[in-house]
Every structure is written in structure tokens, then in C-alpha cells.
Amino acid sequence: MKKAPLIIGNWKLNPVSQKAAVTLAQATIKACRGTNASIAIAPPFVYLSDVSKKISRSKILLAAQDVSTEPLGAFTGEIAASQLRDLKISYVIIGHSERRARGETDSDVVQKVTQALKNKLTPVVCVGEKERDAKGDFYTTVAKQIKALTAVFGTTDIKKIVIAYEPIWAIGTGKTATVEDVKEMQLFIYSVLTKVFDRKVANSVKLLYGGSVKPHNAKVLHADGGMGGFLVGGASLNATDFAAIVKATE
Ligand code: PEP
């Protein structure tokens, strides 16, 4: 049976207030009503509690935008996976390029995934190249990020990890990868996973695409890109646009 597509809205450092966050959550619930896709929204940490209450009776799940490498203790400013679990968070975005740009390494990503899995959160690990070169060296960048995971996580764990391919040059720029770019990367990521595990295991890992996904390009990217859904940034701040993207995957 084909798995339902997964669409995650990453609100990043938005919106401006708790009230606006709850309003956006409410509008998202309303706009996405009647869809079969799996949907999650990732508000900033400070809004998680109120948004959690707002969406509790809807089909929309909650995602966090990051998690600590540490379980608990003297780590000022950090948020532990167990604390997210306590708030009924389902997914956690790990290794987003905007965090990698602030110094997050593959080793941090592995530690964060370890914490997430220990606490029954689904890690959504972002991978992607800064730019595309004619020789195809960008594949090496993506392979390295994925191999950091396969070096540590075995068959059981890898199946619980969602991998989001997000070429950095396409994030928030309006430049979307072409359908061919997305399809080629989907096949490439599966080949990397197949070499370590096998085709069955590789096929059970959910892959998402992210990078300037909008209502006008979502349908073709989903139909022909071969990914299992989208990680959406900017467009998730508009409930109508986000719902149009969700519906384009059906
Ligand atoms: C993102 O931040 O994960 C993202 C994909 O952003 P945008 O959709 O705005 O490019």
C-alpha cells in the first residue's frame, strides 16, 4: 500500500506573537480539512504549547524545529527530546541548513537523532548541497550527510528517520529544483541507502523535498519528483497556500 504523503510546515522564526501563532494554526486546520495527507506544523518552541492545545482535536501533528544533543542538565537555552515528547510533539527537524550554517555538524545531527529516537520522536533530517556544480560534486555532499546517519543507525532505526532533501540554493530563494533534479536526487539517496542496507529497507525510508515549494509547483514536483512529501518553509505561513500544497500531493 502506498504511504500517505507527509507535508511539514516549518514556520521558522514566525509569526510575531502567540496570538498570531494560534490564529495561523486554526487557519491551517480549517484549510487542510478533508485531506488524506499526513500533516505537521513546526512553530517556534515558545508557541508549541498553545499550538498543541489548538490542534489537539485535528489531524495535524506537531513538529519541533530543533532538539538538543543532550538528554537533560546544565545546557542553558537547550530543549531536550524528552521535553518535546512531554508536549506531544511527533516530529523534530534536525540539521536544517539554517542551523548547519550556524555551526551544526553531522556529528551533532547524529546525537540529536539519537535523542529523538530514544524519546519516540520522528527525526526529519535535512540534507542538501549549497550549490550545484557541472561535475556533480554536490552528490558527494549529500552522500556524506546520509552516510553520517548510516554509519550509526541500523536497519530498525533508519526506517524511523525521514530524510528531507533541501538544496540550500532553493531555500527561501524562489529557485525550485527542477522535477528532474528532484527525481535524480531521490534515486541517488535510495542508491546510497540500498548500498548500506537493501532495497526493501531503503524503500521504507520516507524522503521529502524542500526548497521554495509553492502551490503552483507542488503538483508536478510531487507527481514526478518521486519524493514522499514536502518540507515547506515560507508557504506554510499562509494557510491557504499550505493547504493548496497539501492538496497537490493527493
Ligand atoms: C525550509 O526552510 O525548510 C524551506 C524549504 O523553506 P522555503 O519553502 O521557504 O524555501
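Think of each chain on its own: its residues are numbered from 1, step by step along the sequence as written. Per-residue local features of the predicted model are confined to residues with pLDDT of at least 70, and side-chain atom pairs are confined, for both listing and counting, to 80 or more; whole-chain, interface and lining totals are unaffected and use all residues. Note that the side-chain values use all heavy atoms of the structure and ignore hydrogens as well as water.

A short note on the overall build of the chain
- A helix here means a DSSP run of H or I that spans at least four residues, while a strand means a run of E at least two residues long, and both kinds are numbered starting from the N terminus. The secondary structure content of the chain amounts to 11 helices and 8 strands.
- Projected onto its principal axes, the C-alpha coordinates of the chain cover approximately 50 × 45 × 35 Å.
- Partly exposed residues are those whose accessible area sits between 20% and 50% of the maximum for their type, while under 20% is buried and over 50% is exposed, using a 1.4 Å probe and protein chains only. The buried share among the 250 residues of the chain stands at 52%.
- Between two residues, a contact is recorded if the distance between any of their heavy atoms is within 4.5 Å. Counting only contacts in the chain whose residues sit at least 6 apart along the sequence, the fraction spanning at least 24 positions is 71%.
- Residue burial considers only the protein chains on display, and all accessible areas are found by Shrake-Rupley using a 1.4 Å probe. Surface accessibility of the chain: about 11,900 Å² in total, with carbon and sulfur atoms responsible for 54%.

Concerning the packing of helix α1 (residues 18-32) against helix α11 (residues 239-248)
- In this analysis, axes come from line fits to C-alpha atoms, helices being fitted only over the stretch in contact, and the angle between any two N-to-C directions falls in the range 0 to 180 degrees. Remark: α1 packs on α11, axes separated minimally by 9 Å, with the N-to-C direction vectors making an angle of 35 degrees. Between α1 and α11 the crossing geometry is right-handed. Taking contact as the criterion, the partners of Leu24, Ala27, Thr28, Ala31 and Cys32 in α1 are, on α11, Ala239, Phe242, Ala243, Val246 and Lys247. Note on convention: the crossing is left-handed when the near helix lies turned anticlockwise from the far helix by less than a right angle, right-handed when the turn is clockwise.

So, the pattern of salt bridges
- The rule for a salt bridge is simple: a side-chain nitrogen of Lys or Arg has to be within 4 Å of a carboxyl oxygen of Asp or Glu. This structure, assessed with the given rule, holds 11 salt bridges.
- Measuring nitrogen to oxygen at the nearest pair gives 3.8 Å for the salt bridge that ties lysine 53 to aspartate 50. Here aspartate 50 and lysine 53 lie together in helix α2 (residues 45-55), a separation of 3 residues that amounts to about one turn.
- By relative accessible area, which is 58% here, lysine 53 ends up exposed.
- The partly exposed category is assigned to aspartate 50, whose relative accessible area is 27%.

Thoughts on the pairing of strand β1 (residues 6-10)
- Most of β1 sits inside the fold, with 5 of its 5 residues counted as buried.
- The alternating pattern of β1 places Leu6, Ile8 and Asn10 on one face and Ile7 and Gly9 on the opposite face, and all of these are buried.
- Of the strand pairs in this sheet, β1 and strand β2 (residues 38-42) are connected by 5 bridges, and their pairing is parallel. Within the sheet, the bridge partner assigned to asparagine 10 lies in β2 and is alanine 42.
- With α1 bridging β1 and the parallel β2, this β-α-β connection has right-handed handedness.
- Should DSSP find at least two bridges between two strands, the strands are regarded as paired. Of the strand pairs in this sheet, β1 and strand β8 (residues 229-232) are connected by 4 bridges, and their pairing is parallel. Directly across from isoleucine 8, in β8, lies its bridge partner leucine 231. Looking down the strands as they point away from you, a crossover is right-handed if its path from the first strand over the helix to the second goes clockwise.

Here's the deal with the site of the ligand
- Around the ligand, a shell composed of 14 residues is seen, among which Lys12, Glu166, Gly172, Ser212 and Gly234 lie nearest.
- Any N or O atom pair separated by 3.5 Å or less is treated as a polar contact, with the protein-specific requirement of one donor-capable and one acceptor-capable atom, and with residues adjacent in sequence counted only for side-chain atom pairs. Taking lysine 12, its side chain carries an N or O atom lying 2.5 Å from an oxygen atom of the ligand.
- Contact distances for the ligand include 2.9 Å between an oxygen atom and a side-chain N or O atom of histidine 96.
- Expressed as a share of its isolated accessible area of 290 Å², the protein-covered part of the ligand is 98%. Only a single heavy atom is needed: when it lies within 4 Å of a molecule or strand, its residue is near that molecule or strand.

Here's the deal with unusual backbone geometry
- Cis geometry is found at the peptide bond from asparagine 14 to proline 15, where omega equals -5 degrees.
- Here lysine 12, not a glycine, exhibits a phi torsion of approximately 50 degrees, which is positive.
- Secondary-structure assignment places lysine 12 in the loop between β1 and α1.
- Positive phi is not limited to glycine here, since lysine 120 has a value of about 60 degrees.
- Mapped onto the elements, lysine 120 comes out in the loop between α5 (106-118) and β5 (122-127).

Topic: the nonpolar core
- Residues belong to one nonpolar core when they are buried, are Ala, Val, Leu, Ile, Met, Phe, Trp, Tyr or Cys, and are joined through side-chain atoms within 4.5 Å. The biggest cluster of nonpolar side chains holds 70 residues, and the ones touching the most others in it are Ile41, Val51, Val113, Leu193 and Tyr209.
- Ranked by residues supplied to this core, first place goes to helix α8 (residues 179-196) with 7 residues.
- Tyrosine 209 has contacts with Tyr165, Pro167, Ala170, Thr176, Ala177, Val182, Leu221, Met227, Gly229, Phe230 and Leu231, leaving out every residue within four places of it along the chain.

Some words on the pairing of strand β6 (residues 162-165)
- Taking every second residue as pointing to the same face, both faces of β6 are buried, with Val162 and Ala164 on one and Ile163 and Tyr165 on the other.
- As paired strands, β5 and β6 are joined by 4 bridges and run parallel to one another. Looking at the pairing, valine 124 lines up with valine 162 of β6.
- Relative to strand β7 (residues 207-209), β6 runs parallel, the two being bridged by 3 bridges. Note that in β7 the partner of isoleucine 163 across the bridge is leucine 207.

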